[in-house]
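Observations on the three-dimensional arrangement
Spelled out, the chains give:
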Amino acid sequence: MKRILVINPGSTSTKLAIFEDARAVVDKTIRHSVEELSPFNSLYEQKDFRKNLIINFLKDSGYCLEDFDAFVGRGGLLAPIPGGTYLVTERMIQDLKEAKYGEHASNLGGILAKELSMESKKEIPAYIADPVVVDEMQEVARLSGHPDFTRKSIFHALNQKAVARYVAAKHGKKYEEMNLIVVHMGGGISIGAHRKGRVVDVNNALNGDGPFTPERAGTLPLTGLIKLCYSGKYSKAEIKKLIKGKGGLVAYTGINDCRKIQDAISDGNKEWEFYYRGMAYQIIKWIGKMAAVLKGDVDAIVLTGGIAYDDEFMVKWIEEKVSFIAPIEVVAGGNEEEALAIAALRVLNGEEEAKIYETVAMV
Ligand SMILES: Nc1ncnc2c1ncn2[C@@H]1O[C@H](COP(=O)(O)OP(=O)(O)O)[C@@H](O)[C@H]1O
Ligand SMILES: CCCC(=O)OP(=O)(O)O
């Protein structure tokens, strides 16, 4: 039996799980409010805060570092690389620490896995798998409208692929035989067109491309944004924060927790219902785009991520608008922790060799 610690830092949560082979024996989701994260000026500054959560989780669950065969973290913003399991290496850590390819909570996955590995008295490997930069986009999807800008594949690759495989298996098919639109709705939102096992188009969930989200502005009107940048009222860091962290529902309502929005709607808050419906409206428009990418040949639309638990509002509002395209499958939450554990297990069991970032990074 192999025991694996899974570390999944998200923009609004830290999810931790202990697996014995492919079975989760303990798991915990810790949610982070806007106030809790706002004292940190950079993502890297959150490292020790999130690390303490892991240490306490292990203590409460009765485990020490030496009890594990591997630590596996969510993979962050790295140079574009193919999917798979990667050993956490020096250059990877350097790129994540420096935020060379951008800042996102997932950058901490590999860093924390490596720190725990170095602190343990045994030699325990640290891995990441299917990071947010997995890139399978078709060439035409990379065009932005100006040669100085290229559309990038940054999305919930790990969960999108895991739930797509799960839905394919449910249909008695291979992932490579299906056309799916996968909609991950978390702190960030990504909508991917999966054509026969490849994500040929997807919005850049991190950088101003796509629907607004609990904490991101999504695609903004360009002229307004340019005006704001040159208004002298905001620093570059403030503008960045306004788009990511303090955009979307946070900008409209002050909170990133959709459960609180739902409670308010149930209590009759019409203004918040308008914003929450607005988010659903932007999501359905992106589903429509991806249906066109797949030429209408769509086997299922898969709704996943934390917000997919909300079948009273969000799932209902999306389903009533897009079920003419394909049947809806809901995989609430997702399969991220299991996907990470299985990815590490494949390496530990010798079924796959861990890839080395330095040798495959497309820089
Ligand atoms: N049971 C639920 N019902 C509705 N929304 C939920 C539920 N659980 C989590 N969410 C919402 O999902 C979002 C976070 O999704 P999640 O996929 O866990 O995010 P992340 O990995 O980005 O931190 C939050 O806005 C949270 O309020
Ligand atoms: C970087 C894209 C993935 C993403 O947005 O993740 P969260 O929803 O956890 O922020």
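Residues numbered from 1 in each chain as written. Chains lettered and ligands numbered in written order. Predicted model: local features only at pLDDT ≥ 70, side-chain atom pairs only at ≥ 80, totals over all residues.

1. Examining the overall build of the protein
Basically, it comes down to this: Segments assigned H or I by DSSP are reported as helices when at least four residues long, segments assigned E as strands when at least two residues long, and all are numbered from the N terminus. Whether a residue is buried, exposed or partly exposed is read from the other C-beta atoms within 10 Å of its own C-beta, which are placed from the backbone; 20 or more gives buried, 12 or fewer gives exposed, and intermediate counts give partly exposed. Contact criterion: two residues are in contact if their C-beta atoms, reconstructed from the backbone, are within 7 Å.
Within the protein one finds 13 helices and twelve strands. Projecting the C-alpha coordinates of the protein onto the three principal axes gives extents of approximately 55 × 50 × 50 Å. In the protein, which comprises 363 residues, the share counted as buried stands at 45%. By sequence separation, contacts in the protein at least 24 residues apart represent 72% of the contacts at least 6 residues apart.

2. Some details on unusual backbone geometry
With a phi angle near 55 degrees, A99 is a residue other than glycine that sits in the positive phi range. Here A99 lies in the loop between α3 (90-97) and α4 (107-119). Within the chain, D130 stands out as a residue other than glycine whose phi angle is a positive 35 degrees.

3. With respect to helix α5 (residues 157-170)
The cut-off we apply is this: Working rule for helices: expected span equals 1.5 Å times residues minus one.
Given a rise of 1.5 Å per residue, 14 residues ought to cover 20 Å, and the 20 Å separating the end C-alpha atoms of α5 matches this to within 8%. α5 sits mainly inside the fold: ten of its 14 residues count as buried. Among the residues of α5, A157, L158, N159, Q160, K161, A162, V163, A164, V167 and A168 are the ones counted as buried.

4. Section: the site of ligand 2
Here is the rule: Residue proximity rests on one test: whether the C-beta atom, placed from the backbone, lies within 6 Å of the molecule or strand. Side-chain classes are defined by residue name, with Ala, Val, Leu, Ile, Met, Phe, Trp, Tyr, Cys and Pro counting as nonpolar, Asp, Glu, Lys and Arg as charged, and the others, Gly among them, as polar.
Every one of the 14 residues lining ligand 2 counts as a neighbour, but G10, S11, G186, G187 and G188 are closest to it. For the shell around ligand 2, the residue count by class is six nonpolar, eight polar and no charged.

5. Some details on the domain arrangement of the protein
Which entries qualify depends on this criterion: Start and end positions for the domains come from either an automated domain assignment or a database one.
Looking at the assigned domains, one finds that the protein contains domain 1 (3-133 + 337-360) and domain 2 (160-332). The centre of domain 1, based on its C-alpha atoms, is set 24 Å off from the matching centre of domain 2. Partitioning the side of domain 1 that touches domain 2 into residue classes produces two nonpolar, seven polar and two charged.

6. Focus on the pairing of strand β1 (residues 3-9)
Here is the rule: By this definition, two strands are paired if DSSP reports at least two bridges between them.
Most of β1 sits inside the fold, with six of its seven residues counted as buried. The pairing of β1 with strand β2 (residues 13-20) spans seven bridges and is classified as antiparallel. Paired with P9 across the bridge in β2 is T14. A loop of three residues connects β1 with β2, the two strands running antiparallel in sequence. Pairing analysis gives four bridges linking β1 to strand β4 (residues 70-74), with the strands arranged parallel. Across the sheet, V6 pairs through a bridge with V72, a residue of β4.

7. Looking at the nonpolar core
The condition is simple: By convention in this section, buried Ala, Val, Leu, Ile, Met, Phe, Trp, Tyr and Cys residues joined through C-beta atoms within 7 Å make up a nonpolar core.
Core analysis: the biggest nonpolar cluster contains 98 residues, and V72, Y127, I181 and V302 have the highest contact counts within it. The greatest single-element share of this core, amounting to ten residues, is contributed by helix α10 (residues 270-293). The two domains that each donate at least three residues to this core are domain 1 (3-133 + 337-360) and domain 2 (160-332). Here I181 is in contact with I191, A193, I287, M290, A291, V298 and I301, once residues within four sequence places are set aside.

8. What about the packing of α10 against helix α11 (residues 314-322)?
Rules: Whenever a helix is involved, its axis is fitted only over the stretch in contact; in every case the axis is a line through C-alpha atoms, and angles between N-to-C directions fall within 0 to 180 degrees. Angle categories are assigned with fixed cut-offs, so that under 35 degrees is roughly parallel, over 145 is roughly antiparallel, 65 to 115 is roughly perpendicular, and the rest are oblique. Take the far helix as the reference: if the near one is turned anticlockwise from it by less than a right angle, the crossing is left-handed, and if turned clockwise, right-handed.
Axis separation between α10 and α11 bottoms out at 10 Å; the angle between their running directions is 40 degrees. In terms of axis orientation, α10 runs oblique to α11. The element α10 and its partner α11 pack so that their crossing is right-handed. Residues R277, A280, I283, I284 and I287 of α10 form the contact with α11, whose participating residues are M314, W317, I318, K321 and V322. Of the residues in the contact of α10 with α11, the class split is eight nonpolar, no polar and two charged.

9. Thoughts on the environment of R277
Inspection of the secondary structure assignment puts R277 in helix α10. Taking C-alpha positions, R277 is 7.8 Å from M314, a pair spaced 37 residues apart along the chain.

10. Observations concerning the sheet that holds strand β11 (residues 328-332)
Taken together, the five strands give an open sheet; going across it, the order is β9-β8-β7-β10-β11, and neighbouring strands pair in mixed fashion. The outermost strands of the open sheet, each flanked by one partner alone, are β9 (198-202) and β11. Direction aside, the axes of adjacent strands within the sheet are offset by 25 degrees on average. The pairing of strand β10 (residues 300-305) with β11 spans five bridges and is classified as parallel. When the sheet's bridge partners are listed, I301 is paired in β11 with I328. Sheet contacts for α10: β7 (179-185), β8 (189-195), β9 and β10; angle to β8, the most-contacted strand, approximately 15 degrees.

11. Quick word on α3
Along an α-helix, residues three or four positions apart point the same way, because every turn accommodates 3.6 residues. The criterion, for reference: Read the arc as the range of directions from the helix axis to the C-beta atoms.
Residues M92, D95 and L96 constitute the buried set of α3. One side of α3 carries all its buried residues, which in axial view fall inside an arc of 100 degrees. Those residues of α3 that are exposed and aimed more than 90 degrees away from the buried face are E90 and Q94. Contacts from the buried residues of α3 go to α4 and α13 (357-360). Residue A99 follows α3 closely and has a positive phi angle near 55 degrees.

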